[in-house]
Amino acid sequence: MIALYVACVVGANWLAEHVGSVGVGFGLHAAAAVYVAGPVLVVRDWVQRLAGLRISLVAIAVGTALSYVVAGPAVATASAVSFAVSEVLDAAVYSAIVRRRGVVVAVLCSGIVGVAVDSLLFPAIAFASLALTPGHLLGKTYGVVVGTIVTALVRRRS
């Protein structure tokens, strides 16, 4: 799961650097990374659940550092800042909610917080513009919703 998380972070940065903007529906566009950045928020929650908070924080640091290998300085720096801030907030929200409301609610709530923070920071830093923010919000939310549904299905089977 840790390798999947790191691969998703690196893949999101590769997509942002090499693919550019894509449609996400309703006439909105976002960096292609959104289709990986949304699910990565959920995968981080799984890493925390399976390996613990400390390991998930190490995975955030590794994914952030590796981003500089696959993306240019603007995208990698934007990713480093936005992933670090959004993922740490995601971890804090997940930790606060999971014991009281359960895994599924924690995954959804922490994912939405991560989406909001990442969607504001990444385009502002990478592109010096918030023009893509609505598309980032929508595209990443798809991933969080799908990830939450998958989490609920897995929890139901166990």
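Keep in mind that what you see is a predicted model, and the values were worked out from it rather than measured.

**Observations concerning the pairing of strand 1 (residues 21-25)**
Okay, so step 1: Pairing between strand 1 and strand 2 (residues 28-31): 4 bridges, direction antiparallel. Across the sheet, V22 pairs through a bridge with A30, a residue of strand 2.
Okay, so step 2: Adjacent in sequence and paired antiparallel, strand 1 and strand 2 are bridged by 2 residues, among which F26 carries a positive phi angle near 60°.

**Some words on unusual backbone geometry**
Okay, so step 1: Its identity is not glycine, yet F26 carries a phi of approximately 60°, on the positive side.
Okay, so step 2: Considering the arrangement of structural elements, one finds F26 in the loop between strand 1 and strand 2.
Okay, so step 3: Phi at A128 takes a positive value of approximately 55°, unusual for a residue other than glycine.

**So, helix 5 (residues 103-127)**
Okay, so step 1: Given a rise of 1.5 Å per residue, 25 residues ought to cover 36 Å, and the 35 Å separating the end C-alpha atoms of helix 5 matches this to within 8%.
Okay, so step 2: A128 lies just past helix 5 and shows a positive phi near 55°.

**Focus on the pattern of salt bridges**
Okay, so step 1: Counted by the stated rule, this structure contains 4 salt bridges.
Okay, so step 2: Salt bridges here are not isolated pairs; linked through shared partners, they connect R44, D45, E87 and D90.

**Details of the nonpolar core**
Okay, so step 1: In this structure, Y5, V40, F83 and F122 are the most contacted members of the largest nonpolar core, which totals 23 residues.
Okay, so step 2: Elements that contribute at least two residues to this core include exactly helix 1 (2-18), helix 2 (34-51), helix 3 (53-70), helix 4 (73-101) and helix 5.
Okay, so step 3: For this core, the leading source of residues is helix 1, giving 7 residues.
Okay, so step 4: Apart from the residues within four sequence positions on either side, F83 is in contact with V9, A12, N13, A37, V40, T64, V88 and D118.
Okay, so step 5: With 7 residues, the next largest nonpolar core counts V42, Y94, A106 and V107 among its residues.

**Some details on the packing of helix 3 against helix 4**
Okay, so step 1: Two elements in contact, helix 3 and helix 4, have axes whose closest approach is 8 Å; the angle formed by their N-to-C orientations is 170°. As the angle between them shows, helix 3 and helix 4 are arranged roughly antiparallel. Residues L53, L57, I60, T64, S67 and Y68 of helix 3 lie in contact with helix 4, whose contacting residues are A76, T77, S79, A80, F83, A84, E87, V88 and A91.
Okay, so step 2: A breakdown of the residues in the contact of helix 3 with helix 4 according to their chemical character gives 10 nonpolar, 4 polar and 1 charged.

**Quick notes on the confidence of the model for the protein chain**
Okay, so step 1: Considering every residue of the protein chain, the mean pLDDT works out to 93; 100% of them sit at 70 or more.
Okay, so step 2: Confidence, read as mean pLDDT per element, is least for helix 3 in the protein chain (89) and greatest for strand 1 (96).

**A word on the packing of aromatic side chains**
Okay, so step 1: Counted under the stated rule, the structure contains 1 aromatic pair.
Okay, so step 2: Aromatic side chains F122 and F127 sit 5.7 Å apart centroid to centroid with 85° between the ring planes, which places their arrangement in the edge-to-face category.

**Looking at empty space enclosed by the protein**
Okay, so step 1: Per the stated rule, a full pass over the model turns up 1 cavity of 30 Å³ or more.
Okay, so step 2: Estimated volume of the largest cavity: approximately 80 Å³.
Okay, so step 3: Broken down by element, the residue count for the lining of the largest cavity peaks at 3 residues, all from helix 4.
Okay, so step 4: Its residues assigned to classes, the lining of the largest cavity comprises 7 nonpolar, 4 polar and 2 charged.

What counts and what doesn't
Residues numbered from 1 in each chain as written. Predicted model: local features only at pLDDT ≥ 70, side-chain atom pairs only at ≥ 80, totals over all residues. Heavy atoms only, no water. Pairing = 2+ DSSP bridges. Helix = DSSP H or I, 4+ residues; strand = E, 2+ residues; numbered from the N terminus. Expected span 1.5 Å × (residues − 1). Salt bridge = Lys/Arg side-chain N within 4 Å of Asp/Glu carboxyl O. Core = buried A, V, L, I, M, F, W, Y, C linked by side-chain atoms within 4.5 Å. Buried < 20%, exposed > 50% of the residue type's maximum accessible area, 1.4 Å probe, protein only. Contact = heavy atoms within 4.5 Å. Axes fitted to C-alpha atoms, helices over the stretch in contact; angles between N-to-C directions. Parallel < 35°, antiparallel > 145°, perpendicular 65-115°, else oblique. Nonpolar A, V, L, I, M, F, W, Y, C, P; charged D, E, K, R; others polar. pLDDT = per-residue confidence, 0-100. Phe/Tyr/Trp six-rings, centres within 6.5 Å; stacked < 30°, edge-to-face > 60°. 1 Å grid on protein atoms, 1.4 Å probe; cavity = no way out; pocket = protein on both sides within 12 Å on 5 of 7 lines; lining within 4 Å. Points joined across faces, edges and corners; volume = space filled by probe spheres on them.

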